[in-house]
Amino acid sequence: MKKTDSQKKLLLIIVILFWFAQYVYIPFQNPYLVMCNVSSNMIGMIIGSYGISQCLLRLPVGIFADSIGKHKDFILLGAIFAGVASFIRVIMTPEKGFFIANILSGISSSMWISYMVHYTEYFSKDQQQKATSSIILVNNLGMLFGFIMSTLFYDRLGMKFLCYMSIIAGFIGAILALKIKNHKREKSAEKISFRKYISICKNKRLIFFSVLALIQQGIQMSTTMSFTTQILQTLGATSLVVGLSSILYMVSAVLSAGFASSRFCIKKGPRFWVPLVFSLIFIYCALVPTVENIYMIFLLQLLPGMSTGILLSYLTSEAMLEVPQYQKSTAMGFFQGVYAIGMSIFPIIVGKIGEFISIRSGYFLLAIVAVIGAIVSKIYYKTSFKRTIKKHYYI
């Protein structure tokens, strides 16, 4: 039991370092690239490139992780690639460097499957929602520490310093990952084929919640993680205010992830929270480009924090609900690969709309997509509830 607890703690420390390395530069990525005369269209491409490699790799990584039943190597590779990506940001020009580095960061984030699956395997089936919320909370905590670091030092020491911090965190995480021990698994008498692993991708529940996560992650990557900081800067916000707005978002995400594992939140359940949080994201996307008030936008950052903390936790656990243990990494790879499409496409679309029309129009499009997410999730839970009632009635 003590060894298990120490392994859990070790993994959570690596998770903090991993996401610190991945996000320490994020609050100032857009302002920095704008300062370097990179166009909105190209900025959208740079942000979207982070998701492209994830679209291609997450499912193969999941299948391979399931087939060998070991996650340590993937955890190690994730930390190494996070450090290498920021090394590229340091040695190359901003436009090319950030584009290539974001692809490498996407490869790094593809390994997140193993972090999550390895951690949740420490818990029983009825504790999976709590385990998922816990690791997402720590994930957000790593981002929060990164945002605090960037807010404190970007103005004084610049983007390269933040990238050096990312490199250090990535390689410390890699060293600690060497101490991770793989879970012991019973050898199956029957050899599981590739077709059997991939068959989980036909699961309707998995597909549905993966598409909802595509919407959630696509909106988050296009707004809070990128163009919202640009909007704040356009309105005259200082680097300190831009950084603090990102910190507020991450504090909200951390607290929301903790709340997602509370009895009150679990009692209400995803049927209540999923449509509600999508509705709050609609409000966020509609108001941010229209209020033209720095402090109002600052406060609105609480809403996407709820999306990251509550909505993503529920979408993940709901997607994995019907997945057998031997297909868990494959299903997680499919889930994360699908939502990576949103992380790639949405910022590119918003960037292009911003270049040729306006960023405001891009946000309005995201608001419409958020409403669609709220409506379809509401319909899904309403119809699934009716099916459950009918089933019990006929039994």
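The coordinates are above.
Model, not experiment: these values are computed from the prediction. (Residues numbered from 1 in each chain as written. Predicted model: local features only at pLDDT ≥ 70, side-chain atom pairs only at ≥ 80, totals over all residues. Heavy atoms only, no water.)

Novice: Sorry if this is basic, but what is going on with the overall build of the protein chain here?
Specialist: Across its full length, the protein chain holds 16 helices and zero strands. Computed over its C-alpha atoms, the radius of gyration of the protein chain comes to 20 Å, within 12% of the 21 Å expected for a compact globule of 395 residues. A burial count over the protein chain gives 58% of its 395 residues as buried. Expressed as a percentage of contacts within the protein chain between residues at least 6 apart in sequence, the contacts between residues at least 24 apart total 86%. Total accessible area computed for the protein chain in this model is approximately 17300 Å², and 68% of it derives from carbon and sulfur atoms. Of the side chains in the protein chain, 37 bear a positive and 13 a negative charge, and the two mean positions are spaced by 6 Å. (Helix = DSSP H or I, 4+ residues; strand = E, 2+ residues; numbered from the N terminus. Rg over C-alpha atoms; globule rule 2.2 N^0.38 Å. Buried < 20%, exposed > 50% of the residue type's maximum accessible area, 1.4 Å probe, protein only. Contact = heavy atoms within 4.5 Å. Areas by Shrake-Rupley, 256 points an atom, 1.4 Å probe, with all protein chains shown as cover. Lys, Arg positive; Asp, Glu negative; His and termini not counted. Charge placed at Lys NZ, Arg CZ, Asp CG, Glu CD.)

Novice: Just checking my understanding: could you explain a nonpolar patch on the surface for this structure?
Specialist: On the surface, Ile341, Ile345, Ile349, Leu365, Ile368, Ile372, Ile375, Val376 and Ile379 cluster together into a nonpolar patch covering about 710 Å² of accessible area. Those elements giving two or more residues to the nonpolar patch turn out to be helix H15 (328-356) and helix H16 (359-394). The element best represented in the nonpolar patch is H16, accounting for six residues. Secondary-structure assignment places Ile368 in helix H16. Exposure remark for Ile368: the relative accessible area of 51% places this residue in the exposed category. (Patch = residues over 30% accessible without salt bridge, like charges linked within 9 Å, V, L, I, M, F, W, Y side chains within 5 Å. Salt bridge = Lys/Arg side-chain N within 4 Å of Asp/Glu carboxyl O.)

Novice: What is the right way to read the packing of aromatic side chains from this model?
Specialist: Between two aromatic rings, the relevant description is the distance of the centres plus the angle of the planes. Within this structure, the stated rule accounts for 22 aromatic pairs. When the ring of Phe18 is compared with that of Trp19, the centres are 4.8 Å apart and the planes differ by 75 degrees; the resulting orientation is edge-to-face. Taking the relative accessible area as the measure of exposure, Phe18 reaches 2% and is therefore buried. Relative accessible area serves as the criterion here: at 4%, Trp19 is assigned to the buried category. Aromatic side chains Tyr380 and Tyr381 sit 5.4 Å apart centroid to centroid with 85 degrees between the ring planes, which places their arrangement in the edge-to-face category. The pair formed by Tyr380 and Tyr381 is uniform in burial state, with each residue classed as buried. An aromatic cluster of three or more residues is present, and its members are Phe18, Trp19, Tyr23, Tyr50, Trp112 and Tyr115. Over the face of the ring belonging to Phe272 we find Lys268, whose NZ or CZ atom lies 4.9 Å from the ring centre. (Phe/Tyr/Trp six-rings, centres within 6.5 Å; stacked < 30°, edge-to-face > 60°. Lys NZ or Arg CZ within 6 Å of the ring centre and 35° of its normal.)

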